[in-house]
Every structure is written in structure tokens, then in C-alpha cells.
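Secondary and tertiary structure notes
Chain by chain, the residues:
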Amino acid sequence: MSDLMFGLDTFGDVPEDDAGKLVSHAAAIRQVVDEAVLADQLGVDVIALGEHHRPEYSVSTPETVLAGIATRTSRIRLASGVTVLSSDDPVRVFQRFATVDALSHGRAEVILGRGSFTESFPLFGYDLRDYDTLFEEKIDLFVKLLDEKPVTWSGTLRAPLENADVFPKTESGHLSTWVGVGGSPQSVVRTAQYGLPLMLAIIGGAPERFAPYLDLYRRAAEQLGTTAHPVGMHSPGFIADTDEEAKEVYWPHYRVMRNRIGALRGWPPIRRQEFDSEVEGGSLYIGSPETVARRMARAIRSLGVGRFDLIYSAGAQPVSARMRAVELYGSKVIPMVRELLA
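Let me sum up the structure you'll find in this document. (Residues numbered from 1 in each chain as written. Predicted model: local features only at pLDDT ≥ 70, side-chain atom pairs only at ≥ 80, totals over all residues. Heavy atoms only, no water.)

Structural notes on the overall build of the chain
The line we're drawing: In this description a helix means any DSSP run of H or I spanning at least four residues, a strand means any run of E spanning at least two, and both kinds are numbered starting from the N terminus. With C-alpha atoms as the basis for the radius of gyration, the globule rule is written as 2.2 Å multiplied by the number of residues raised to the power 0.38. It only takes one pair of heavy atoms within 4.5 Å for two residues to be counted as in contact. All accessible areas in this document rest on Shrake-Rupley with a 1.4 Å probe, and a residue is counted as covered only by the protein chains that are shown. His is not counted, nor are the chain ends; Lys and Arg add positive charge and Asp and Glu add negative charge. Each charge is placed at NZ for Lys, CZ for Arg, CG for Asp and CD for Glu.
Helix and strand counts for the chain stand at 11 helices and 12 strands. Relative to the globule expectation of 20 Å for 342 residues, the C-alpha radius of gyration of the chain, 19 Å, shows essentially globular dimensions. By its C-alpha atoms, the chain is 60 × 45 × 45 Å across when sized along the principal axes. Counting only contacts in the chain whose residues sit at least 6 apart along the sequence, the fraction spanning at least 24 positions is 73%. Carbon and sulfur atoms form 54% of the exposed surface of the chain, whose accessible area is close to 14500 Å². Taken as two groups, the 36 positive and 45 negative side-chain charges of the chain have centres that lie 2 Å from each other.

Written out as C-alpha cells, the structure reads:
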């Protein structure tokens, strides 16, 4: 398990300052950079930034923020988590990440997704009725671009390309590319079909129930003659000095965020009891370093994943508490998990 990787994920949630006042979007973006710099110093393997187009989140262009982080860090890998490929242009996505790769001396990673939020579709003039076709066609083009050779391609929702050469090229000739999947078997099979690594978003329920997806990915890769890479998982969590403190800092802001999104999706308001049961045995990794490390080790062992990314912000948790969570994850949780799995 020595090659096991650990990451931190955020959408750049707009936090409160220590006086309890929400900071600006600009300050929230700078805060993410500070957290990434700290994570880099502490030996965290990856920072992943998710793309959103909502008032609660500050990161709408992960690669722009990653470019800023690239110039202030030396070893941490710089990922999106995810880039909504369906409402973007594959050529531009490749160019922007190849640019981050250049600035960071080869540390860029793109995690492509269909997006569980739909704000980007009307914003950029895409029809939600084309949701599936958009992703299928665009990932097909993106995978061709990864060869870094002139591309000839045609689809139904984008202008065709005829022997188009795309720049900049990466120094290594390889842009690290994953596909983020929320739980659709078709998406798992498609990821295997292209021979790309799979990142599973496990945001509720016992992690073990996702084991069939890992089996499906490996079986599909075998049948299709492609490579099954080590699978990654990303799940929400939060770390403080004690279990009690972690829950009390996280819960009020998480509840507001969860209910706001839930109202759009027809979910009933979350009860404290549900929250506590997710913390106890579900997919919320919240508590002291010891508690979180124990639960992470159990999930990693039971699923056999090669990477665990913790989504460390959910709502307006205060800046100082967030910095402390990053610090504890890097300095205590990761070494403990490695020890438990040794």
C-alpha cells in the first residue's frame, strides 16, 4: 500500500471569517490557494478543485486556480474534481490543462465528469436534453486529443476537426486523465472502454456498497482489452482535534448547504440523526485524526482503492477551522492511515 495516494478536494466553498461573516468570492479563491500551499508542505499527494457555477462556491474554472497554485507549490499534484466536460470544449480543456502541466512541471491531472449540477448547461448555451450525447461525444474527442497528434473527428453537437493539431503539447507527452463517476454502471463501463482511471464519488451510505462498481470496472477492462488502473474514491469529511469539535463545526454549515441543494432535488430536510449515522458508518469522514484515519483505512481496505480524496469543505466552515482540518489531514491522518494499512 506504499503507492497509495491521498488527496484533498474542494469546490472553493465560500467560508466565514473568524467573526462569522462570509468572505468574498475573491478571498475564498485566495483561501483555497493558501490551503493548497499548506497541503503541499505537509506532503498531501493531490489537491483537486471542482467546477461549480453557484453562489456558495468560488471555483468556476479549476485550472485557473490550479495555475496559481502551481507557481507556489513544488510537489502536490494539481487536479480538477471535476471538470464538467459536457458543457465545455474538449480542445480548450486539453489546452488549459496542458498549460497547468507546463507551469507545474508535469503535475496536472484532469478529472472529467458529466456534472451532478446542471447550472453550466444553460449558462454556456447547452440543452439538457443532450446531456448524455454531449458527454459521450466530448469524451470521445478528448481521448483522441490525449495522443497529442493531429486529430480528425466528427460528432453531432460540435464542429468537426480535420487533421487539427492542438497546442501546447505536454512535456511528457501524457496528460493524466481520470473520469469521475457518481454511480452509473454505463459510466463505469465507458471509463473502462477508454482505458482511463476511475474516480468514484461516494458521498452517502456505506462505502462497501460501491464494491460492485470496482468489480464492473475491472471486468469491463478485461473484456475490452484495456487497462484497469487503481481506482480512486472521493468522499466528504472534516477533521478537528476532537470528534465533538469536528461535528459541531461541520454540522450547522453542512445542514444549510445540504438543505439548499436538497430543495432543488426534492429531498426532505436533513435531520441530525441522519447526519450522525453517516458519520458513524456512512460516507462522512468526520472527527479527530484517529477517528477519521480508522474509518478511511477501513474503506480503503474493503474497496481496495489506490487513492482517497477527502472533500474537506461543505458550506461556510470558518477559515481557521478549515486550515486546521488541512493541517491535521496532512500531518496526522495520512501517516496514521498508512500505518494502519501497513
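From this point on, the discussion continues.
A few points about the side chain of S87
One can find S87 in the loop between β4 (83-84) and α3 (90-103). Discounting chain neighbours no more than four positions away, the residues touching S87 are S120, F121, F124, Y126 and K138.

As for the packing of helix α10 (residues 289-303) against helix α11 (residues 319-341)
What counts here: Orientation is described by axes fitted as lines to C-alpha atoms, over the contacting stretch for helices, and by angles from 0 to 180 degrees between their N-to-C directions. Angle categories: roughly parallel below 35 degrees, roughly antiparallel above 145, roughly perpendicular from 65 to 115, and oblique for all the rest. Handedness of a crossing is defined here by the sense of rotation of the near helix relative to the far one, left-handed for an anticlockwise turn of less than a right angle and right-handed for a clockwise turn. Any residue that is not Ala, Val, Leu, Ile, Met, Phe, Trp, Tyr, Cys, Pro, Asp, Glu, Lys or Arg is counted as polar, Gly included; the first ten are nonpolar and the last four charged.
Closest axis-to-axis distance for the α10/α11 pair is 9 Å, and the angle between their directions is 45°. In terms of orientation, α10 lies oblique with respect to α11. When the axes of α10 and α11 are compared, the crossing they make is right-handed. Where α10 abuts α11, its residues P289, E290, V292, A293, R294, M296, A297, I300 and R301 lie against L328, Y329, K332, V333, M336, V337, L340 and L341. For the contact of α10 with α11, the class distribution of residues is 13 nonpolar, no polar and four charged.

Some thoughts on the environment of F97
As a reminder of what qualifies: Note on exposure labels: buried denotes an accessible area under 20% of the residue type's maximum, exposed denotes more than 50%, and partly exposed covers the range between, all computed with a 1.4 Å probe on protein chains only.
Structurally, F97 is set in helix α3. Owing to a relative accessible area of 0%, F97 belongs among the buried residues under this scheme. With 84 residues separating them along the chain, F97 and D13 place their C-alpha atoms 22 Å apart.

Points about the pattern of salt bridges
The condition that has to hold: Salt bridges are defined by distance alone: a side-chain nitrogen of Lys or Arg within 4 Å of a carboxyl oxygen of Asp or Glu.
Across all of its chains, the model carries 24 salt bridges by this definition. Residues D127 and R129 are paired through a salt bridge, measuring 2.7 Å at the closest nitrogen-oxygen approach. A relative accessible area of 30% means that D127 is categorised as partly exposed. Accessibility expressed as a relative area gives 75% for R129, which makes it exposed. The salt bridge partner of K144 is D140, with a shortest N-O separation of 3.5 Å. Of this pair, K144 and D140 both sit in helix α5 (residues 131-145), separated by four residues, roughly a single helical turn. Looking at K144, the relative accessible area reads 34%, which means it is partly exposed. Among the charged side chains, a salt-bridge network with shared partners connects D40, D45, R75 and R338.

Topic: the pairing of strand β5 (residues 108-113)
Basically, it comes down to this: Pairing between two strands requires that DSSP report at least two bridges joining them.
Burial runs high along β5: six of the six residues are buried. The pairing of strand β3 (residues 77-80) with β5 spans two bridges and is parallel. When the sheet's bridge partners are listed, L78 is paired in β5 with A108. Alignment of β4 against β5, held across two bridges, turns out to be parallel. Pairing of T83 across the sheet is with L112, part of β5. Pairing of β5 with strand β8 (residues 176-181) involves four bridges; the strand directions are parallel.

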